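A look at the structure
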Amino acid sequence: MAPDNVHAITPRTATELSGPTFAQTVAEERNLVSGKNGQAIGSLMRLKVRVLDEDARPQAGSLIEIWQANAAGKYQHPQDQRDAPIDTNFRSWGRGLVDANGEVDFITIRPGAYPVPNSGGWWRPPHIHLSAYGSTFSSRMITQLYFPGDPLNELDGIFQGIPDPLARERLVLKPDVDSGIPEVALGFCFDLVLRGRSQTPLEN
Ligand SMILES: [Fe+2]
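Let me sum up the structure you'll find in this document. Just so you know, these numbers come straight off a predicted model, no measurement behind them. (Residues numbered from 1 in each chain as written. Predicted model: local features only at pLDDT ≥ 70, side-chain atom pairs only at ≥ 80, totals over all residues. Heavy atoms only, no water.)

Comments concerning the overall build of the protein chain
To keep things clear, this is the line we draw: A run of H or I in DSSP counts as a helix once it spans at least four residues, and a run of E counts as a strand once it spans at least two, with each numbered from the N terminus. We call two residues in contact when some of their heavy atoms are within 4.5 Å. Accessible surface is estimated by sampling points in the Shrake-Rupley manner with a 1.4 Å probe; for residues, cover comes only from the protein chains shown.
Looking only at helices and strands, the protein chain has 3 helices and 12 strands in total. Counting only contacts in the protein chain whose residues sit at least 6 apart along the sequence, the fraction spanning at least 24 positions is 69%. Carbon together with sulfur atoms contributes 54% to the accessible area of the protein chain, which is approximately 11,700 Å² in total.

Focus on the environment of glycine 157
Our working rule: Remark: exposure states derive from per-residue accessible area (1.4 Å probe, protein chains only) relative to the maximum for the residue type, with buried under 20%, exposed over 50%, and partly exposed in between.
Mapping glycine 157 onto the fold places it in the loop between strand E10 (140-146) and helix H3 (165-169). Taking the relative accessible area as the measure of exposure, glycine 157 reaches 44% and is therefore partly exposed. On a C-alpha basis, the gap between glycine 157 and tryptophan 122 in space is 8.4 Å, while along the polypeptide they are 35 residues apart.

A word on the coordination of the iron ion
Six octahedral donors at a metal ideally form angles of 90 or 180 degrees, and four tetrahedral donors ideally form angles of 109.5 degrees. Here is the rule: Coordinating donors are taken as N, O and S atoms within 2.8 Å of the metal, stretched to 3.2 Å for Na, K and Ca; because water is absent from the atoms, sites can appear incomplete. Here the metal geometry follows the donor angles, with tetrahedral for four donors whose angles all fall between 85 and 135 degrees, square planar for four and octahedral for six when opposite donors are more than 155 degrees apart and every other angle is between 65 and 115, and irregular for all the rest.
Taken together, the protein ligands of the iron ion are Tyr75 (OH), Tyr114 (OH), His127 (NE2) and His129 (NE2), with distances of 1.9 to 2.3 Å. Angles of 92 to 155° at the metal separate the 4 donor atoms of the iron ion, which places the site in the irregular class. If you list the donors of the iron ion from N- to C-terminus, the spacing comes out as Y-x38-Y-x12-H-x1-H. Assigned by exposure class, histidine 127 and histidine 129 land together as buried.

Some remarks on the sheet that holds strand E12 (residues 186-193)
We apply this condition: Two strands qualify as a pair provided DSSP detects at least 2 bridges between them.
In spatial order, the strands read E6-E3-E12-E11; together these 4 strands make up an open sheet with mixed pairing. Each edge of the open sheet carries a strand with a single partner, namely strand E6 (103-109) and strand E11 (174-175). Pairing of strand E3 (residues 44-52) with E12, which is carried by 8 bridges, proceeds in the parallel orientation. Bridge pairing in E12 links arginine 46 to glycine 187.

Next comes the structure, spelled out in structure tokens:
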């Protein structure tokens, strides 16, 4: 009879390792603010994401995707039926590949808050959704990133749904001068930690 852990010890062979990498197949879209008719409305920011393992070693090769509302809190998606302006110069999603330093950056705007339908007055705080794929599509993490000091963070059922305050803190963007563009864009950085005690909490 096969041992119970037979799957755990199956080695990764050429079959698993020889497929195309994201770098070979994915077209990056890291600028969300340059539309056909000009620049998106809102406070420009550059978001730098670092992907780290449990020992803070940079992890190259991940595919990072972000999506967010525009400055008016409106998603460019058919399911967002709220009467709020669409910004045709804003791309509501981005996609980038993590480089050899474990980093990828995006130019975007600070998103607006938006009301949750039929919730009795709950507004989501400004946030950016983030998805990370590992070296294969079999591993994916999804979470949400928040802005430091936003008063709506305290009232948000999703953010506050993470009971550990230190874990919540790991989802808050850090202002970072080096990530910004002087006189053009605020800089924020975010460390995505894949494993271990400092692992980034997940949020759908
Ligand atoms: Fe959202």
